[in-house]
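# Summary of structural features
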Amino acid sequence: MDDINALAEDHLTAARASAHGRSAHLVLQQPPLRQTAIALTEGTALDEHNAPPAASLLVLRGSVRLTAGSGDTELSAGALHPIPRERHGLLALSDAVVLLTAVND
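Note that the structure is a prediction, hence the values are computed from the model and not measured. (Residues numbered from 1 in each chain as written. Predicted model: local features only at pLDDT ≥ 70, side-chain atom pairs only at ≥ 80, totals over all residues. Heavy atoms only, no water.)

## Overview of the pattern of salt bridges
Any two side chains of opposite charge can pair, so long as their charged atoms come close to each other. Per the counting criterion, the structure on display carries four salt bridges. In this structure, Glu 9 and Arg 61 form a salt bridge, with 3.5 Å as the shortest nitrogen-oxygen distance. Residue Glu 9 is located in helix 1 (residues 4-17), and its partner Arg 61 is located in strand 4 (residues 54-61); the two are separated by 52 residues in the primary sequence. By relative accessible area, Glu 9 is classed as partly exposed at 35%. For Asp 95, the salt bridge goes to Arg 16, with nearest N and O atoms at 2.8 Å. Residue Asp 95 is located in the loop between strand 8 (88-92) and strand 9 (96-103), and its partner Arg 16 is located in helix 1; the two are separated by 79 residues in the primary sequence. Of the residues examined, Asp 95 reaches a relative accessible area of 25% and is grouped as partly exposed. (Salt bridge = Lys/Arg side-chain N within 4 Å of Asp/Glu carboxyl O. Helix = DSSP H or I, 4+ residues; strand = E, 2+ residues; numbered from the N terminus. Buried < 20%, exposed > 50% of the residue type's maximum accessible area, 1.4 Å probe, protein only.)

## Observations regarding the sheet that holds strand 9
The sheet built from five strands is open, its strands ordered 1-2-9-4-7 with antiparallel pairing. With partners counted over all chains shown, the strands left at the sheet margins are strand 1 (22-30) and strand 7 (80-82), one partner each. On average, each strand axis in the sheet is tilted by 20° relative to the strand beside it, whichever way the strands run. Sheet topology places strand 4 next to strand 9; seven bridges connect them, and they run antiparallel. Note that in strand 9 the partner of Leu 58 across the bridge is Leu 99. (Pairing = 2+ DSSP bridges. Axes fitted to C-alpha atoms, helices over the stretch in contact; angles between N-to-C directions.)

## Section: helix 1
Between its terminal C-alpha atoms helix 1 stretches 20 Å, which fits the 20 Å expected from 14 residues at 1.5 Å a residue. What helix 1 keeps buried is the set Leu 7, Ala 8, His 11, Leu 12 and Ala 15. All buried residues of helix 1 fall inside an arc of 130° around its axis, so they share one side. Opposite its buried face, helix 1 presents the exposed residues Asp 10 and Ala 17, each directed more than 90 degrees away. (Expected span 1.5 Å × (residues − 1). Arc of directions from axis to C-beta.)

## Describing the nonpolar core
Here is a general trend for soluble globular proteins: nonpolar side chains tend to be buried in one another's company. Counting 15 residues, the largest nonpolar core has Leu 57, Val 64, Leu 75, Leu 90 and Val 98 as the members making the most contacts within it. Secondary-structure elements contributing two or more residues to this core are strand 2 (33-40), strand 4, strand 5 (63-68), strand 8 and strand 9. Counting residues in each nonpolar core, the second largest holds five residues, with Ala 8, Leu 12, Ala 15 and Ala 39 among its members. (Core = buried A, V, L, I, M, F, W, Y, C linked by side-chain atoms within 4.5 Å.)

## Quick notes on the side chain of Thr 36
Mapped onto the fold, Thr 36 is located in strand 2. On the basis of relative accessibility, which here comes to 15%, the residue Thr 36 falls in the buried class.

This is the structure we're talking about:
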């Protein structure tokens, strides 16, 4: 089992060193469940993409804006939020790390 706090710090460091401002790590894969830690530097975005059948976002560090046609939601460290079942994106409002949990068919 990964130490999620150490993993978050390591990937935030990697994101800061990356030209793209992001770093990700597959934490757990037990089909259909998948958990991924994603680190983003302030201002870095994940462009709009399709949603899996079920997913949630847990903010481990910093703050992010989850964008979707149905409305945007700002989330800060400690927030757990469902991913809308529509195209959506993510913007880091500050250096941030999130844990994405998704269930795929």
